[in-house]
Amino acid sequence: QVQLVESGGGLVQAGGSLRLSCATSGSIFSIKSMDWYRQAPGKQRELVATAISAGTTNYTDSVKGRFTISRDNAKNTVYLQINSLKPEDTAVYYCNAVVARRLGGPLYNYWGQGTQVTVSS
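This is a predicted model, so every value here is computed, not measured.

Asks: Before we go on, may I ask you to explain the sheet that holds strand 1 (residues 2–7) in this structure?
Replies: Working definition: the strands of a sheet are paired by backbone hydrogen bonds and lie parallel or antiparallel to each other. With antiparallel pairing, the four strands of this open sheet are ordered in space as 1-3-8-7. Edge positions in the sheet fall to strand 1 and strand 7 (67–72), since each of these pairs with one other strand and no more. Neighbour-to-neighbour, the strand axes of this sheet turn through a mean angle of 15°, independent of strand direction. Note: strand 7 against strand 8 (residues 77–82), six bridges, orientation antiparallel. Residue R71 lies in a different strand from strand 8, and its bridge partner there is V78.

Okay, structure coming up:
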């Protein structure tokens, strides 16, 4: 099995910063992509940022210039640096990983348990 453990959430004032971490462990051959999603109360879960194994990153428009996703492939860990936080960034942030558990094997999708980010105005 594969486990994802997020950390780094919390309560912060508008304009502040947080750094989220997501450590992946278990039966992993390779990680194709690692992503951050968020889900605000009463809203659908949305993709915030993606880091593909080739080094490509993508962001949803609302966070471009404020959020930075990065990967430490040696540690199978992905980070999300969040700057200039806004109240509308308040949500539970989830880590997602697309994982191959063996060479040439199928890809599997795994989720973390989520970490709460609350931004006060």
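Asks: Mind showing me how you'd approach the nonpolar core here?
Replies: Counting 28 residues, the largest nonpolar core has W36, L80 and Y93 as the members making the most contacts within it. Counting residues per element, the ones that place at least two in this core are strand 1, strand 3 (18–26), strand 4 (30–39), strand 5 (46–52), strand 7, strand 8, strand 9 (91–100) and strand 11 (115–120). Broken down by element, the residue count for this core peaks at five residues, all from strand 9.

Asks: Please clarify how the state of the cysteines should be interpreted in this entry.
Replies: A covalent bond between the sulfur atoms of two cysteines is what we call a disulfide. Applying the stated criterion across every chain yields a total of one disulfide. Residue C22 pairs covalently with C95 via a disulfide, S to S 2.1 Å. Where C22 bonds to C95 through sulfur, the torsion about that S-S bond is close to -80°, and the disulfide is left-handed. Residue C22 is found in strand 3, and its partner C95 is found in strand 9; the two are separated by 73 residues along the sequence. By relative accessible area, C22 is classed as buried at 0%.

Asks: I'm lost on the pairing of strand 9 in this one. Help?
Replies: Each regular strand carries side chains that alternate between the two faces of the sheet. Of all the 10 residues making up strand 9, nine are buried; the element is thus mostly covered by neighbouring parts of the structure. Bridge count between strand 4 and strand 9: nine bridges; the pairing is antiparallel. Bridged to Y37 within strand 9 is Y94. The sheet contact formed by strand 9 and strand 11 spans three bridges and is antiparallel. Along strand 11, the bridge assignment pairs V92 with Q116. Linkage of strand 9 to strand 10 (residues 107–111), two consecutive antiparallel strands, is achieved through a turn of six residues, within which G104 is found at a positive phi near 75°.

Thresholds, definitions, all that
- Residues numbered from 1 in each chain as written.
- Predicted model: local features only at pLDDT ≥ 70, side-chain atom pairs only at ≥ 80, totals over all residues.
- Heavy atoms only, no water.
- Pairing = 2+ DSSP bridges.
- Helix = DSSP H or I, 4+ residues; strand = E, 2+ residues; numbered from the N terminus.
- Axes fitted to C-alpha atoms, helices over the stretch in contact; angles between N-to-C directions.
- Core = buried A, V, L, I, M, F, W, Y, C linked by side-chain atoms within 4.5 Å.
- Buried < 20%, exposed > 50% of the residue type's maximum accessible area, 1.4 Å probe, protein only.
- Disulfide = S-S within 2.5 Å.

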